[in-house]
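Residue-level listing of the chains:
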Amino acid sequence: MHNHLIDQINIDGFAVIDDFLTKDEINEALEAGKNLHKDAPTTARTIFSTTKSSNRQNKDEYFLESAQKIHYFFEDGALKDDGELNVKPEFALNKVGHALHTDHPVFEKISFNNRVKEICWQLGFNRPAIAQSMYIFKNPGIGGEVIAHQDATYLHTDPPTTIGFWFPLEDATLENGCLQFIKGSHKSGVHRRYIRNPDKISSELLIHDRPAPLYPESNFVPVPVSAGACVLIHSQVVHRSERNKSDKSRHAYTFHVIDTDDCVYSESNWLQPQPDKPFKILYENRNVN
Ligand SMILES: O=C(O)CCC(=O)C(=O)O
Ligand SMILES: [Fe+2]
(Lines give C-alpha, C1' and ligand atoms only; values in the text may rest on other atoms or scores of the structure.)
(Ligands and ions follow the chains in the order given, each with its own letter.)
Protein backbone atom coordinates (compact mmCIF):
# COMPACT_ATOMS: atom_id res chain seq x y z
CA MET A 1 0.00 0.00 0.00
CA HIS A 2 1.27 3.46 -0.87
CA ASN A 3 1.75 5.35 2.37
CA HIS A 4 2.25 9.04 1.83
CA LEU A 5 3.15 9.87 5.44
CA ILE A 6 5.90 7.28 5.71
CA ASP A 7 7.28 8.31 2.30
CA GLN A 8 7.34 11.96 3.33
CA ILE A 9 9.08 11.24 6.64
CA ASN A 10 11.58 8.92 4.94
CA ILE A 11 12.48 11.57 2.37
CA ASP A 12 12.46 14.80 4.42
CA GLY A 13 12.54 13.67 8.05
CA PHE A 14 9.21 15.37 8.78
CA ALA A 15 5.66 15.67 7.46
CA VAL A 16 2.90 18.26 7.86
CA ILE A 17 -0.78 17.34 8.13
CA ASP A 18 -2.88 20.49 7.84
CA ASP A 19 -6.17 20.90 9.74
CA PHE A 20 -5.47 17.98 12.06
CA LEU A 21 -7.15 19.47 15.13
CA THR A 22 -10.70 20.80 15.07
CA LYS A 23 -11.37 24.45 15.95
CA ASP A 24 -12.82 23.30 19.29
CA GLU A 25 -9.73 21.23 20.08
CA ILE A 26 -7.44 24.16 19.24
CA ASN A 27 -9.44 26.52 21.43
CA GLU A 28 -9.66 24.11 24.33
CA ALA A 29 -5.91 23.40 24.27
CA LEU A 30 -5.02 27.07 23.87
CA GLU A 31 -7.28 28.03 26.76
CA ALA A 32 -5.71 25.33 28.95
CA GLY A 33 -2.22 26.45 27.87
CA LYS A 34 -2.97 30.09 28.69
CA ASN A 35 -4.06 29.02 32.17
CA LEU A 36 -0.95 26.95 32.95
CA HIS A 37 0.99 29.91 34.37
CA LYS A 38 -1.56 30.20 37.19
CA ASP A 39 -0.12 27.03 38.75
CA ALA A 40 3.54 27.93 38.20
CA PRO A 41 5.74 28.27 41.30
CA THR A 42 6.20 31.77 42.68
CA THR A 43 9.49 31.01 44.43
CA ALA A 44 12.59 29.11 43.28
CA ARG A 45 11.62 29.54 39.65
CA THR A 46 13.61 27.49 37.12
CA ILE A 47 14.76 28.92 33.79
CA PHE A 48 14.77 26.92 30.59
CA SER A 49 17.20 28.03 27.93
CA THR A 50 18.84 26.00 25.17
CA THR A 51 21.65 28.54 24.98
CA LYS A 52 22.60 29.19 28.64
CA SER A 53 22.95 27.19 31.83
CA SER A 54 22.67 28.38 35.43
CA ASN A 55 22.49 27.01 39.03
CA ARG A 56 23.12 23.56 37.70
CA GLN A 57 22.18 20.99 40.29
CA ASN A 58 18.80 22.42 41.41
CA LYS A 59 17.92 22.92 37.81
CA ASP A 60 18.83 19.35 36.84
CA GLU A 61 16.81 17.99 39.76
CA TYR A 62 13.72 20.01 38.83
CA PHE A 63 14.15 18.93 35.20
CA LEU A 64 14.58 15.23 36.13
CA GLU A 65 11.50 15.33 38.35
CA SER A 66 9.50 16.90 35.54
CA ALA A 67 9.53 13.55 33.71
CA GLN A 68 6.57 12.40 35.80
CA LYS A 69 5.00 15.74 36.64
CA ILE A 70 3.81 19.07 35.32
CA HIS A 71 6.75 21.39 35.86
CA TYR A 72 7.19 25.00 34.83
CA PHE A 73 10.23 26.45 33.06
CA PHE A 74 10.65 30.20 32.76
CA GLU A 75 12.17 32.26 29.97
CA ASP A 76 15.72 33.40 30.49
CA GLY A 77 14.61 37.03 30.19
CA ALA A 78 11.59 36.65 32.51
CA LEU A 79 13.40 36.70 35.86
CA LYS A 80 15.19 39.52 37.64
CA ASP A 81 18.36 38.81 39.62
CA ASP A 82 16.28 38.36 42.78
CA GLY A 83 14.10 35.74 41.03
CA GLU A 84 11.07 38.01 40.74
CA LEU A 85 9.25 38.32 37.42
CA ASN A 86 10.28 40.94 34.87
CA VAL A 87 7.18 40.45 32.76
CA LYS A 88 3.51 39.63 33.25
CA PRO A 89 3.10 36.03 34.52
CA GLU A 90 1.23 35.05 31.33
CA PHE A 91 4.34 35.87 29.26
CA ALA A 92 6.98 34.49 31.62
CA LEU A 93 7.01 30.78 30.81
CA ASN A 94 9.17 29.12 28.17
CA LYS A 95 7.56 25.70 28.51
CA VAL A 96 5.70 23.29 30.75
CA GLY A 97 6.46 19.54 30.81
CA HIS A 98 6.74 16.62 30.69
CA ALA A 99 3.62 14.75 31.85
CA LEU A 100 0.78 16.89 30.51
CA HIS A 101 -0.42 13.89 28.48
CA THR A 102 -1.17 11.94 31.67
CA ASP A 103 -1.70 14.61 34.32
CA HIS A 104 -3.76 17.26 32.51
CA PRO A 105 -7.21 16.19 31.25
CA VAL A 106 -7.27 18.53 28.24
CA PHE A 107 -3.87 17.43 26.96
CA GLU A 108 -4.57 13.80 27.79
CA LYS A 109 -7.68 13.94 25.60
CA ILE A 110 -5.80 15.41 22.60
CA SER A 111 -2.84 13.05 23.01
CA PHE A 112 -4.85 9.84 23.09
CA ASN A 113 -7.49 10.71 20.50
CA ASN A 114 -8.27 8.32 17.66
CA ARG A 115 -6.65 10.48 14.97
CA VAL A 116 -3.33 10.26 16.82
CA LYS A 117 -3.70 6.48 17.06
CA GLU A 118 -4.54 6.33 13.35
CA ILE A 119 -1.30 8.17 12.49
CA CYS A 120 0.69 5.81 14.70
CA TRP A 121 -0.97 2.88 12.93
CA GLN A 122 -0.08 4.33 9.51
CA LEU A 123 3.51 4.80 10.66
CA GLY A 124 3.73 1.12 11.60
CA PHE A 125 3.83 1.32 15.40
CA ASN A 126 2.91 -1.95 17.13
CA ARG A 127 2.72 -0.87 20.75
CA PRO A 128 3.12 2.90 20.72
CA ALA A 129 3.41 4.83 23.97
CA ILE A 130 3.80 8.51 24.78
CA ALA A 131 7.08 9.14 26.58
CA GLN A 132 6.76 12.86 27.25
CA SER A 133 4.78 15.99 26.43
CA MET A 134 5.41 19.73 26.50
CA TYR A 135 3.53 22.97 26.12
CA ILE A 136 5.83 25.50 24.44
CA PHE A 137 4.90 29.18 24.72
CA LYS A 138 7.34 31.16 22.54
CA ASN A 139 5.69 34.34 23.77
CA PRO A 140 6.05 37.64 21.88
CA GLY A 141 9.29 39.52 22.45
CA ILE A 142 10.60 37.17 25.12
CA GLY A 143 10.20 33.65 23.60
CA GLY A 144 13.75 32.32 23.19
CA GLU A 145 15.28 30.29 20.38
CA VAL A 146 15.45 26.50 20.45
CA ILE A 147 18.89 25.63 19.14
CA ALA A 148 19.36 23.09 16.37
CA HIS A 149 18.99 19.56 17.68
CA GLN A 150 17.76 16.04 17.00
CA ASP A 151 15.12 14.70 19.37
CA ALA A 152 17.11 11.43 19.50
CA THR A 153 19.68 13.41 21.50
CA TYR A 154 17.16 13.33 24.36
CA LEU A 155 15.03 10.27 23.56
CA HIS A 156 17.27 7.60 22.08
CA THR A 157 15.67 4.40 20.81
CA ASP A 158 16.98 1.49 18.77
CA PRO A 159 15.65 1.28 16.09
CA PRO A 160 15.10 5.07 15.77
CA THR A 161 11.33 4.89 15.29
CA THR A 162 10.47 7.66 17.78
CA ILE A 163 8.26 10.38 16.30
CA GLY A 164 7.49 13.83 17.65
CA PHE A 165 3.95 15.12 17.23
CA TRP A 166 3.98 18.92 17.19
CA PHE A 167 0.72 20.88 17.20
CA PRO A 168 0.77 24.64 16.67
CA LEU A 169 -2.19 26.11 18.58
CA GLU A 170 -1.53 29.46 16.92
CA ASP A 171 -0.15 30.12 13.44
CA ALA A 172 3.62 29.49 13.41
CA THR A 173 5.20 32.02 11.05
CA LEU A 174 8.62 33.27 9.92
CA GLU A 175 8.24 36.17 12.36
CA ASN A 176 7.18 34.31 15.51
CA GLY A 177 9.64 31.43 15.26
CA CYS A 178 8.16 28.56 13.24
CA LEU A 179 10.04 25.25 13.10
CA GLN A 180 12.99 25.00 10.70
CA PHE A 181 14.38 21.70 9.41
CA ILE A 182 17.42 20.37 7.61
CA LYS A 183 15.65 18.15 5.10
CA GLY A 184 17.07 14.64 4.92
CA SER A 185 19.31 15.10 7.97
CA HIS A 186 17.60 12.16 9.72
CA LYS A 187 19.76 9.90 7.55
CA SER A 188 23.00 11.05 9.18
CA GLY A 189 22.88 9.14 12.49
CA VAL A 190 22.66 10.53 16.03
CA HIS A 191 25.04 13.48 16.41
CA ARG A 192 25.14 13.67 20.18
CA ARG A 193 23.31 12.48 23.25
CA TYR A 194 22.05 14.07 26.47
CA ILE A 195 22.35 11.46 29.19
CA ARG A 196 22.36 10.81 32.93
CA ASN A 197 25.88 11.54 34.14
CA PRO A 198 27.70 8.23 34.88
CA ASP A 199 29.87 10.27 37.32
CA LYS A 200 27.61 10.18 40.40
CA ILE A 201 29.77 12.60 42.40
CA SER A 202 29.36 15.42 39.90
CA SER A 203 26.79 18.17 40.52
CA GLU A 204 25.94 17.91 36.84
CA LEU A 205 23.27 15.23 36.84
CA LEU A 206 22.76 15.41 33.09
CA ILE A 207 25.48 15.85 30.47
CA HIS A 208 26.01 15.96 26.73
CA ASP A 209 28.39 13.27 25.46
CA ARG A 210 29.77 15.50 22.68
CA PRO A 211 29.90 19.20 21.84
CA ALA A 212 27.09 20.70 19.78
CA PRO A 213 27.64 20.13 16.06
CA LEU A 214 27.69 23.19 13.82
CA TYR A 215 25.05 23.11 11.14
CA PRO A 216 25.35 25.49 8.18
CA GLU A 217 22.78 28.28 8.43
CA SER A 218 21.78 27.89 4.79
CA ASN A 219 20.70 24.26 5.31
CA PHE A 220 17.62 25.16 7.36
CA VAL A 221 14.23 25.39 5.67
CA PRO A 222 11.53 27.25 7.63
CA VAL A 223 8.20 25.43 7.77
CA PRO A 224 5.39 27.88 8.62
CA VAL A 225 2.15 26.12 9.54
CA SER A 226 -1.35 27.18 10.58
CA ALA A 227 -2.90 26.56 13.96
CA GLY A 228 -4.32 23.03 14.16
CA ALA A 229 -1.74 21.37 11.91
CA CYS A 230 0.16 18.29 13.05
CA VAL A 231 3.88 18.22 12.28
CA LEU A 232 5.46 14.76 12.51
CA ILE A 233 9.17 14.90 13.40
CA HIS A 234 11.60 12.00 12.85
CA SER A 235 13.81 11.59 15.93
CA GLN A 236 17.00 12.16 13.92
CA VAL A 237 16.00 15.13 11.77
CA VAL A 238 17.86 18.32 12.74
CA HIS A 239 15.44 21.13 13.60
CA ARG A 240 15.30 24.39 15.49
CA SER A 241 13.22 27.52 15.99
CA GLU A 242 14.31 31.16 16.19
CA ARG A 243 13.34 33.51 18.98
CA ASN A 244 9.99 35.23 18.60
CA LYS A 245 10.67 38.63 17.04
CA SER A 246 7.00 39.47 16.54
CA ASP A 247 4.20 40.73 18.75
CA LYS A 248 2.23 37.47 18.35
CA SER A 249 2.66 34.39 20.51
CA ARG A 250 3.38 30.96 19.04
CA HIS A 251 1.95 28.45 21.49
CA ALA A 252 2.38 24.77 20.63
CA TYR A 253 1.68 21.42 22.24
CA THR A 254 4.00 18.51 21.51
CA PHE A 255 4.58 14.92 22.58
CA HIS A 256 6.83 12.04 21.59
CA VAL A 257 5.70 8.55 20.66
CA ILE A 258 8.03 5.59 21.09
CA ASP A 259 7.38 1.98 20.13
CA THR A 260 7.53 -0.34 23.14
CA ASP A 261 7.43 -3.46 20.95
CA ASP A 262 10.77 -4.68 19.55
CA CYS A 263 12.40 -1.34 20.29
CA VAL A 264 15.00 -0.55 22.97
CA TYR A 265 14.49 2.66 24.95
CA SER A 266 17.96 3.68 26.13
CA GLU A 267 18.57 3.39 29.88
CA SER A 268 20.83 6.42 29.72
CA ASN A 269 18.09 8.73 28.42
CA TRP A 270 17.39 11.52 30.92
CA LEU A 271 13.71 10.53 31.07
CA GLN A 272 12.98 7.06 32.41
CA PRO A 273 9.64 5.31 32.93
CA GLN A 274 8.93 4.70 36.63
CA PRO A 275 7.56 1.46 38.13
CA ASP A 276 4.41 3.29 39.26
CA LYS A 277 4.19 5.30 36.03
CA PRO A 278 5.19 3.33 32.92
CA PHE A 279 4.88 5.06 29.53
CA LYS A 280 1.17 5.19 28.68
CA ILE A 281 0.29 2.98 25.71
CA LEU A 282 -1.82 4.30 22.81
CA TYR A 283 -2.81 0.81 21.58
CA GLU A 284 -1.44 -2.67 21.19
CA ASN A 285 -1.41 -4.50 17.86
CA ARG A 286 -2.16 -8.06 18.93
CA ASN A 287 -1.65 -9.46 15.44
CA VAL A 288 2.14 -9.35 15.69
CA ASN A 289 4.46 -12.08 17.07
O1 LIG B 1 8.59 24.37 19.55
C2 LIG B 1 9.79 24.51 19.29
O3 LIG B 1 10.25 25.60 18.98
C4 LIG B 1 10.72 23.33 19.29
C5 LIG B 1 10.00 22.06 19.48
C6 LIG B 1 10.86 20.85 19.36
O7 LIG B 1 12.03 20.89 19.13
C8 LIG B 1 10.20 19.54 19.51
O9 LIG B 1 8.99 19.50 19.81
O10 LIG B 1 10.86 18.52 19.29
FE1 LIG C 1 12.84 18.90 19.00
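Owing to the predicted nature of the structure, the values given are computational and were not obtained by experimental measurement. (Residues numbered from 1 in each chain as written. Chains lettered and ligands numbered in written order. Predicted model: local features only at pLDDT ≥ 70, side-chain atom pairs only at ≥ 80, totals over all residues. Heavy atoms only, no water.)

1. Some details on the nonpolar core
With 60 residues, the main nonpolar core has V96, Y135, F165, F167, L232 and Y253 as its most contacted residues. What L232 contacts, discounting residues up to four positions off in sequence, is L5, I9, G13, F14, A15, I17, I119, L123, I163, G164 and F165. Formed by 13 residues, the second largest nonpolar core is a distinct cluster that contains F14, A172, A229 and I233. (Core = buried A, V, L, I, M, F, W, Y, C linked by side-chain atoms within 4.5 Å. Buried < 20%, exposed > 50% of the residue type's maximum accessible area, 1.4 Å probe, protein only. Contact = heavy atoms within 4.5 Å.)

2. Re the pattern of salt bridges
Scanning the entire structure with this criterion turns up 8 salt bridges. A salt bridge links K280 to E108, with the nearest nitrogen and oxygen atoms 2.5 Å apart. Remark: E108 occurs in helix α6 (residues 105-111) and K280 occurs in strand β17 (residues 280-281); sequence separation between them is 172 residues. Exposure remark for E108: the relative accessible area of 26% places this residue in the partly exposed category. For E242, the salt bridge is made with K245, and the minimal N-O distance between the two is 3.1 Å. The class for E242 is partly exposed, based on a relative accessible area of 26%. The exposure class assigned to K245 is exposed, which follows from its relative accessible area of 55%. (Salt bridge = Lys/Arg side-chain N within 4 Å of Asp/Glu carboxyl O. Helix = DSSP H or I, 4+ residues; strand = E, 2+ residues; numbered from the N terminus.)

3. Points about the coordination of the iron ion (ligand 2)
Tetrahedral metal sites with four donors have an ideal angle of 109.5 degrees; octahedral sites with six donors have ideal angles of 90 or 180 degrees. Taken together, the protein ligands of the iron ion (ligand 2) are H149 (NE2), D151 (OD) and H239 (NE2), with distances of 2.1 to 2.2 Å. In the primary sequence, the donor residues of the iron ion (ligand 2) line up as H-x1-D-x87-H. Pair noted here: D151 is in the loop between β6 (146-149) and β7 (157-158) and H239 is in strand β14 (residues 239-241), with a separation of 88 residues, a long-range link. When sorted by exposure, D151 lands in the same class as H239, which is buried. (Donors = N, O, S within 2.8 Å, 3.2 Å for Na, K, Ca; no water.)

4. Let's talk about the environment of P213
As for its position among the elements, P213 is in the loop between β11 (206-208) and β12 (221-223). Expressed as a C-alpha distance, the spacing of P213 and H191, which sit 22 residues apart in the sequence, is 7.2 Å. Residue contacts for P213: discarding those within four places in its chain leaves H191 and R192.

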